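# Summary of structural features
Spelled out, the chains give:
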Amino acid sequence: MEFNTKLLHGTAVKRYAEGATLPPIAQVNAFRYNSAEELDRVFHHRAAGYSYSRVGNPTVTAFEQRISEMEGGSAAVACSSGMTAIMLSLLNFLCSGDEIIASAGLYGGSFDLFKDLEKLGITTKYVRHMTPEELGPLPGERTRVIFGEVISNPGLEVMDIRSVADFAHGHGLPLIVDATTATPFLVNPIALGADIVVHSTTKYINGSGSAIGGVIIDSGRFPWDFGKFRGLGGYQAFGKAAYTVRLRTGLGENAGGCMTPVTAFLNVTGLETLGLRMRQICQNAQKLAEALDQIPEIQVNYPLLPQSRYRDLAFRQLNEMGGGILTFRAGSREKAFGIINALHYAVKATSIGDVRTLVIHPASTLYIQSTKEQREAAGVYEDTVRVSVGIEDAKDLISDFCEAVSASR
Ligand code: PLP
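None of these values were measured; they are calculated from a predicted model. (Residues numbered from 1 in each chain as written. Predicted model: local features only at pLDDT ≥ 70, side-chain atom pairs only at ≥ 80, totals over all residues. Heavy atoms only, no water.)

### Looking at the site of the ligand
Taken together, 13 residues are adjacent to the ligand, and Asn-153, Asp-178, Ser-200, Thr-202 and Lys-203 come closest. A distance of 2.6 Å separates a nitrogen atom of the ligand from a polar side-chain atom of Asp-178. Protein burial of the ligand: of its 390 Å² of free accessible surface, 91% is covered by the chains. With three residues, the single largest contributor to the shell around the ligand is helix α4 (residues 82-91). Classifying every residue of the shell around the ligand by side-chain character gives four nonpolar, seven polar and two charged. (Near = heavy atom within 4 Å. Polar contact = N/O pair within 3.5 Å; in protein donor to acceptor, adjacent residues only side chain to side chain. Areas by Shrake-Rupley, 256 points an atom, 1.4 Å probe, with all protein chains shown as cover. Helix = DSSP H or I, 4+ residues; strand = E, 2+ residues; numbered from the N terminus. Nonpolar A, V, L, I, M, F, W, Y, C, P; charged D, E, K, R; others polar.)

### A few points about the state of the cysteines
Inspection of the entire model under this criterion finds zero disulfides. In this structure Cys-282 is a free cysteine whose sulfur lies 20 Å from that of Cys-402, the closest cysteine sulfur available. (Disulfide = S-S within 2.5 Å.)

### Re the nonpolar core
Within the largest apolar cluster, 84 residues are counted, with the highest numbers of intra-cluster contacts made by Phe-63, Ile-146, Leu-175, Leu-292, Leu-326 and Phe-328. Among the elements that make up this core, the one with the highest residue count is helix α11 (residues 274-292) (eight residues). Looking at which domains feed residues into this core, each of domain 1 (3-271) and domain 2 (274-407) supplies at least three. For Leu-292, the residues in contact, after removing those within four places along its chain, are Ile-298, Val-300, Leu-326, Phe-328, Phe-401 and Val-405. If you look at the next biggest cluster of nonpolar residues, it comprises 33 residues, including Val-77, Leu-90, Val-145 and Leu-232. (Core = buried A, V, L, I, M, F, W, Y, C linked by side-chain atoms within 4.5 Å. Buried < 20%, exposed > 50% of the residue type's maximum accessible area, 1.4 Å probe, protein only. Domains from an automatic or database assignment. Contact = heavy atoms within 4.5 Å.)

### Focus on the layout of surface pockets
Of the voids in this model, the largest pocket is the one considered here, and its volume is about 660 Å³. Residue lining of the largest pocket: 29 residues in total, with His-45, Gly-49, Val-55, Gly-56 and Arg-248 positioned closest to the centre. When contributions to the lining of the largest pocket are tallied by element, the ones reaching two or more residues are α2 (36-43), α3 (58-71), β1 (75-79) and α9 (242-255). Of the residues belonging to the lining of the largest pocket, the class tally is 15 nonpolar, 10 polar and four charged. (1 Å grid on protein atoms, 1.4 Å probe; cavity = no way out; pocket = protein on both sides within 12 Å on 5 of 7 lines; lining within 4 Å. Points joined across faces, edges and corners; volume = space filled by probe spheres on them.)

None of the figures reported here should be taken as evidence of function without further support.
The structure is reproduced here in structure tokens:
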């Protein structure tokens, strides 16, 4: 099946209760059984069934099965937000004393989370560019994982997933990727060797900006060494499934960062149009980037522009597309504010991946917890404007932005 067909007719679709075309919303906390024996079996995982929606819920399962199928994973666990997904994806197997290697250009929230993890004894070493050459000297005795974004937000650095996965595996490490900005429409990281994929479903998967959510997808392929990955201690019997089993029946359940049934329903609905939206969004973003690139006083960053060091990689790895985000440097903070204020269609709001075009000045909003050096490593300068391109008609977006640049001169 091709991508859009699979979104509507994948195997997981046929499992919705009563043959419903969308999963019914099971908006309940608890599930009723006829006997104490039945509940005993469900609680001990000796019988299939739901007990409590923090542990599992049929609408959430429907979303997990759909996204796992679209990513080519073995299983998925849905979470209350993208940040919960990132946190649980790591805490599921890391312990105090362990070390993460991550790209310096991470999304600001992830960067802040990794700072929080230091207080738990989990430290992070940063690499400027996520390439085997730059990663080369970094893995040490305590390193347990490599973490990066497929297309970093907002630096727009593209990870060569296969080469980073090969590097990680050569050092006995799993590769976790945040694929929020790429979505399965642009690439399936698992097919290129990634071991765990996380998404903030808040963005392109939901698509309409109607619910915060996240998801962790396990490839089920990483050969966990239970002596080295102490956080998975006690799960040896599950072999390669140990990661998912702990996430589902251990930490995920205990931490309580579950997705709500309504969010899962909205995400399944959003997923059905992911291909259509992403195609229009990526085409719009490319056209807008090319149009803005003609204006001499602004400097545009978009992976498919000729000046981007990621142009060939994006073309080859990302389905010949460059994603839905572009940034530009306006010349000064005042000019950046002037352009943002003069826009008519682009909504001045945080977030990305909406059907509407969203625009923000990252230095004064998303990166207020970071130092100048950290901001610049993430591609954020005083004059940077981030645009998350929507599905409006490209012609309107181009004239809106070009007029806003002229008005701010
Ligand atoms: N990962 C990336 C790349 C993001 O852009 C974001 C949010 O902007 C997140 C994770 C966090 O997602 P959430 O806001 O759903 O917690």
